[in-house]
Amino acid sequence: NSAFYMVSPPQTTSSKQKRKVVPPLEAYLRHLLIDRLANDDKTISFVSKQLQRLPWSDPTKECGALVCKYMLKACRKGRYEAVGAVASVAAALKRAKPEISTRLIDGVLEELQWTMEHPNFRDQQRTIACARLLGELHVASLVPASLIIEQLYHFVNFGHEIPLALHDASEKQLSAAAAVAAAAVEGSADQQDVASSATATIMSPSGITQTIKEDEEMDSEALASSSTPNKDDGADVAATSEQQRPAVVAVSTHSKYDPRVPSFIDPPSSVFRIKLVCVLLSTVAPAIITSSNKAKLDQFMTSFQRYLFTKSVIPTE
């Protein structure tokens, strides 16, 4: 019986499943943007004309919000190849319905921001589709290059803000290092003076008349160490823990972000943001690589390479 039901399941199971009932307008938008839309000029033109015939004059229908909702659904749950077609439809409606492009850009940026704040493995594929949609909107001349570069930096820097305490500790560490370097320079100068005076004494006709300064210092240090009582075990443990404490990472006083700053939402083992950066760059490459943006892109690639060095693994793709 089990084999028979595997081949021919009973009809009662289909009747128990309830299909979601949506208003006719939403069902038509779902048909246009998810089922019908394809990445060819004829279909894009047809869908754009049909969307312009919606009851935009009726504020109760909220056509703008519904169109953007199903555009994003077409990118999340539809075909990955339809992402470029959605951007082309938004570009075709830019002159007649400018609110479509504005709502769509806001929805994409909010989706990317929410995913970075709440990283989850099951949302990665839909977020990659949103990153590609943002790139396709730039190719369709709906998003400026400044917003793309800003978003690229946001992928790398979000969650890695340098706290004020780290700035203060870094400044103290740099000041201490400068003081040690200055003391070393002064010490080397004093050693040269001592060596020259010892040479003059040896070369004098009266011979050596006093001991070397370093010997006196060594004798005083040995005497002080022998007179010092032994420390207890608690002090030894405290000294050991003090030595094992990690050193403060020196950060620039002019930087606001540093990928070496630890973050729970972007640990060293997470490579999802690397995929977002690569998808966005590969999508906007034909349009963003210009003479005016070359210096900005080179500067970002330097920051992105620094970000890669903080990761324990790199994605194979």
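Chemist: Explain the overall build of the protein here, please?
Modeler: For the protein, the count of helices and strands is 14 helices and zero strands. Walking the protein from its N terminus toward its C terminus, one meets helices and strands in the order α-α-α-α-α-α-α-α-α-α-α-α-α-α. Counting across all 317 residues of the protein, residues that qualify as buried make up 32%. Sequence-distant contacts in the protein: of pairs separated by 6 or more residues, those separated by 24 or more amount to 78%. Entry remark: accessible area of the protein is about 20800 Å², with carbon and sulfur atoms responsible for 57%.

Chemist: Which parts of the structure should I look at to understand the side chain of histidine 138?
Modeler: Topologically, histidine 138 is positioned in helix H8 (residues 124-139). Among the residues examined, histidine 138 registers a relative accessible area of 9% and is labelled buried. Of note is the side chain of histidine 138, whose polar atom sits 2.8 Å from the backbone oxygen of valine 143. When neighbours within four sequence positions are excluded, histidine 138 is seen to be in contact with Val143, Pro144, Ala145, Ile148, Val284, Ala287 and Ile288.

Chemist: What should I look at first to understand the nonpolar core in this one?
Modeler: Considering soluble globular proteins, one finds that nonpolar side chains tend to be buried as a cluster. One finds Leu51, Met71, Leu133 and Leu137 to be the most contacted residues of the largest nonpolar core, which totals 62 residues. Per-element tally for this core: the top contributor is helix H5 (residues 63-76), with nine residues. If near-sequence neighbours (up to four positions away) are discounted, leucine 51 is found in contact with Leu29, Leu32, Leu33, Trp56, Val67, Met71, Val89 and Leu93.

Chemist: Explain the packing of helix H7 (residues 98-117) against H8 here, please?
Modeler: A pair of packed helices is captured by two measures, namely the crossing angle of their axes and the spacing between those axes. Where H7 meets H8, the closest approach of the two axes is 10 Å, and the angle between their N-to-C directions is 145°. Our pair here, H7 against H8, has a crossing hand that is left-handed. Mapping the contact onto sequence places Leu104, Ile105, Val108, Leu109, Glu111, Leu112 and Thr115 in H7 and Arg126, Thr127, Cys130, Ala131, Leu133, Leu134 and Leu137 in H8. A class-by-class count of the residues in the contact of H7 with H8 yields 10 nonpolar, two polar and two charged.

Chemist: Could you clarify how one ought to interpret the packing of aromatic side chains in this entry?
Modeler: Remark: the centre distance and the inter-plane angle together describe each pair of aromatic rings, the angle taken between the planes. Counted under the stated rule, the structure contains two aromatic pairs. Relative to phenylalanine 300, the ring of tyrosine 153 lies with its centre 5.2 Å away and its plane at 80°, an arrangement referred to as edge-to-face. Remark: phenylalanine 300 occurs in helix H14 (residues 294-309) and tyrosine 153 occurs in helix H9 (residues 145-157); sequence separation between them is 147 residues. With a relative accessible area of 23%, tyrosine 153 lands in the partly exposed category. Using a relative accessible area of 1% as the deciding quantity, one classes phenylalanine 300 as buried.

Chemist: Hey, could you run me through the pattern of salt bridges in this one?
Modeler: For the coordinates displayed, the defined rule picks out nine salt bridges. Across the pair arginine 76 and glutamate 111 runs a salt bridge whose closest N-O atoms are separated by 3.1 Å. Residue arginine 76 is located in helix H5, and its partner glutamate 111 is located in helix H7; the two are separated by 35 residues in the primary sequence. In this structure glutamate 111 comes out as buried when scored by relative accessible area, which is 13%. Of the charged contacts in the structure, one is a salt bridge between aspartate 266 and arginine 273, with a shortest N-O distance of 3.8 Å. Taken together, the salt bridges that share partners define one network made up of Arg76, Glu111 and Arg126.

Chemist: What is the right way to read the environment of isoleucine 288 from this model?
Modeler: Topologically, isoleucine 288 is positioned in helix H13 (residues 272-288). Overall, the relative accessible area of 2% leaves isoleucine 288 in the buried class. Considered as a pair, isoleucine 288 and proline 144 are 144 residues apart in the sequence and their alpha carbons are 9.2 Å apart. What isoleucine 288 contacts, discounting residues up to four positions off in sequence, is His138, Ala145, Ile148, Ile149, Asn293 and Leu297.

Chemist: Quick question: what am I supposed to make of the confidence of the model for the protein here?
Modeler: In low-pLDDT regions, the fine details of the predicted coordinates are not to be read closely. Of the residues in the protein, 77% reach a pLDDT of 70 or more, and the chain-wide mean stands at 81. For the protein, the element scoring lowest by mean pLDDT is helix H12 (residues 233-244), at 50; H9 scores highest, at 95. Within the model, pLDDT remains below 50 along residues 200-215, and this stretch shows seven contacts once partners closer than five positions in the same chain are excluded.

Chemist: Explain H8 to me, please; I cannot follow it from the model alone.
Modeler: An α-helix turns once every 3.6 residues. As a result, residues three or four positions apart point the same way. Here H8 contains 16 residues, and its C-alpha end-to-end distance of 23 Å stays within 8% of the 22 Å for a straight helix at 1.5 Å per residue. The buried fraction of H8 is high, at 13 of 16 residues. Looking at the residues trailing H8, positive phi occurs at serine 141, about 65°.

Chemist: Even after reading the chapter, I still don't get unusual backbone geometry, so can you show me in this structure?
Modeler: A negative phi holds for most residues other than glycine; trans holds for most peptide bonds. The backbone of glutamate 62 sits at a positive phi, close to 55°, despite the residue not being glycine. For glutamate 62, a relative accessible area of 52% gives the class exposed. One non-glycine residue with positive phi stands out, namely serine 141, at about 65°. Tracing the backbone through its elements, the reader meets serine 141 in the loop between H8 and H9. Judged by relative accessible area, serine 141 falls into the exposed class, the value being 55%.

What counts, and at which threshold
- Every chain's residues receive numbers from 1 upward, in the order its sequence appears when written.
- The predicted origin of the model limits local features to residues at a pLDDT of at least 70 and limits the giving and counting of side-chain atom pairs to 80 or more, whereas totals for whole chains, interfaces and linings rest on all residues.
- Values shown for side chains rest on all heavy atoms present in the structure; no hydrogens or waters enter the calculation.
- A run of H or I in DSSP becomes a helix once it reaches four residues, and a run of E becomes a strand once it reaches two; helices and strands are each numbered from the N terminus.
- The rule is simple: take the accessible area with a 1.4 Å probe, protein chains only, and divide by the maximum for that residue type; under 20% is buried, over 50% is exposed, in between is partly exposed.
- Any two residues having at least one pair of non-hydrogen atoms within 4.5 Å are treated as being in contact.
- A 1.4 Å probe and the Shrake-Rupley method give the accessible areas. Residues count as covered only by the protein chains that appear here.
- In protein, a polar contact requires one atom able to donate a hydrogen and another able to accept it; more generally it is a pair of N or O atoms within 3.5 Å, and residues adjacent in sequence count only if both atoms are side-chain atoms.
- By nonpolar core we mean a set of buried residues, namely Ala, Val, Leu, Ile, Met, Phe, Trp, Tyr and Cys, connected to one another through side-chain atoms within 4.5 Å.
- Geometry is summarised by axes, namely lines fitted to C-alpha atoms with helices restricted to the contacting stretch, and by angles between N-to-C directions that run from 0 to 180 degrees.
- By definition, turning the near helix anticlockwise from the far helix through less than a right angle yields a left-handed crossing, and turning it clockwise yields a right-handed one.
- Each residue is assigned to one of three groups, with Ala, Val, Leu, Ile, Met, Phe, Trp, Tyr, Cys and Pro labelled nonpolar, Asp, Glu, Lys and Arg labelled charged, and all others, Gly among them, labelled polar.
- Aromatic contacts are taken between Phe, Tyr and Trp rings whose centres are within 6.5 Å, Trp giving its six-membered ring; a plane angle under 30 degrees counts as stacked, one over 60 as edge-to-face, and the others as tilted.
- In what follows, salt bridge is the name for a side-chain nitrogen of Lys or Arg lying within 4 Å of a carboxyl oxygen of Asp or Glu.
- How sure the predictor is of each residue is captured by pLDDT, a score from 0 to 100.
- Any helix carries an expected span of 1.5 Å times its number of residues minus one.

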